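# Working through the structure, step by step
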Amino acid sequence: MTSTTHQCEQLKDPTAHAEMIAITSASNTLSNWRLTDCELYVTKEPCPMCAGAIMNSRISYVGFGVYDEQSGCCGSLYQLCREPRFNHQSVVQGGLLEDECMEFLDQFFQKKRK
């Protein structure tokens, strides 16, 4: 996993979240901004910016491990990816391998604090 914090700091770019990097990479690889047949799997629930990019790129499925009660926008605070007023909705499933994802995040931040 590439840490969002790590990439934002390393690249000096507040938009360098893992989801954004993955969407850009997939769009470049497929030569298409519409990712209608693509699925996205991430460790932590996407934030508002990433949820917006998911909707704009028309990703069909989003799976994530850990819910984010502070800034999650795929179920915790908001459910942007399932909002019926938008012209596209993604199927969203949270809690995938939740214990493993939480352990991974805990270990990452313990190392970062040292």
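So, here is what we can say about the structure in this document. Not measured: the values here are computed from a predicted model.

## Remarks on the overall build of the protein chain
The helix and strand inventory of the protein chain stands at four helices and three strands. A compact globule built from 114 residues should have a C-alpha radius of gyration of about 13 Å, and the protein chain, at 14 Å, falls within 12% of that. Across the 114 residues that make up the protein chain, the buried fraction comes to 35%. In the protein chain, of all internal contacts separated by at least 6 residues, the share reaching a separation of at least 24 is 52%. If you sum the accessible surface of the protein chain, you get close to 7200 Å²; carbon and sulfur atoms cover 51% of it. Counting 10 positive and 14 negative side-chain charges, the protein chain places the centres of these two groups 7 Å from one another.

## Focus: the packing of aromatic side chains
For the structure shown, the criterion picks out two aromatic pairs. Judged by centre distance (5.4 Å) and plane angle (50 degrees), the ring pair of Y41 and Y61 falls under tilted. Linking Y41 in strand β1 (residues 39-44) with Y61 in strand β2 (residues 61-66), this pair joins segments that are 20 residues apart in sequence. By relative accessible area, Y61 is classed as buried at 14%. Aromatic side chains F64 and Y67 sit 4.9 Å apart centroid to centroid with 80 degrees between the ring planes, which places their arrangement in the edge-to-face category. Taking relative accessible area as the criterion, Y67 reaches 36% and is therefore assigned partly exposed.

## Here's the deal with a negative patch on the surface
Side chains of E98, D99, E100, E103 and D106 sit close together on the surface and give a patch of like negative charge. Mapped onto the elements, E100 comes out in helix α4 (residues 98-113). Overall, the relative accessible area of 48% leaves E100 in the partly exposed class.

## Digging into the nonpolar core
Residues I23, I54, I59 and C81 are the most contacted members of the largest nonpolar core, which totals 15 residues. Elements represented by at least two residues in this core include exactly β1, α3 (48-57) and β2. At four residues, α3 tops the list of elements feeding residues into this core. Once residues lying within four places of it in the same chain are set aside, the contact partners of I23 are L35, A53, I54, S57 and I59.

## Observations regarding the environment of L40
For L40, the location among the structural elements is in strand β1. By relative accessible area, which is 7% here, L40 ends up buried. The sequence separation of L40 and I21 amounts to 19 residues, and the corresponding C-alpha distance is 11 Å.

Analysis parameters
Residues numbered from 1 in each chain as written. Predicted model: local features only at pLDDT ≥ 70, side-chain atom pairs only at ≥ 80, totals over all residues. Heavy atoms only, no water. Helix = DSSP H or I, 4+ residues; strand = E, 2+ residues; numbered from the N terminus. Rg over C-alpha atoms; globule rule 2.2 N^0.38 Å. Buried < 20%, exposed > 50% of the residue type's maximum accessible area, 1.4 Å probe, protein only. Contact = heavy atoms within 4.5 Å. Areas by Shrake-Rupley, 256 points an atom, 1.4 Å probe, with all protein chains shown as cover. Lys, Arg positive; Asp, Glu negative; His and termini not counted. Charge placed at Lys NZ, Arg CZ, Asp CG, Glu CD. Phe/Tyr/Trp six-rings, centres within 6.5 Å; stacked < 30°, edge-to-face > 60°. Patch = residues over 30% accessible without salt bridge, like charges linked within 9 Å, V, L, I, M, F, W, Y side chains within 5 Å. Salt bridge = Lys/Arg side-chain N within 4 Å of Asp/Glu carboxyl O. Core = buried A, V, L, I, M, F, W, Y, C linked by side-chain atoms within 4.5 Å.

Keep in mind these values describe shape, not function.
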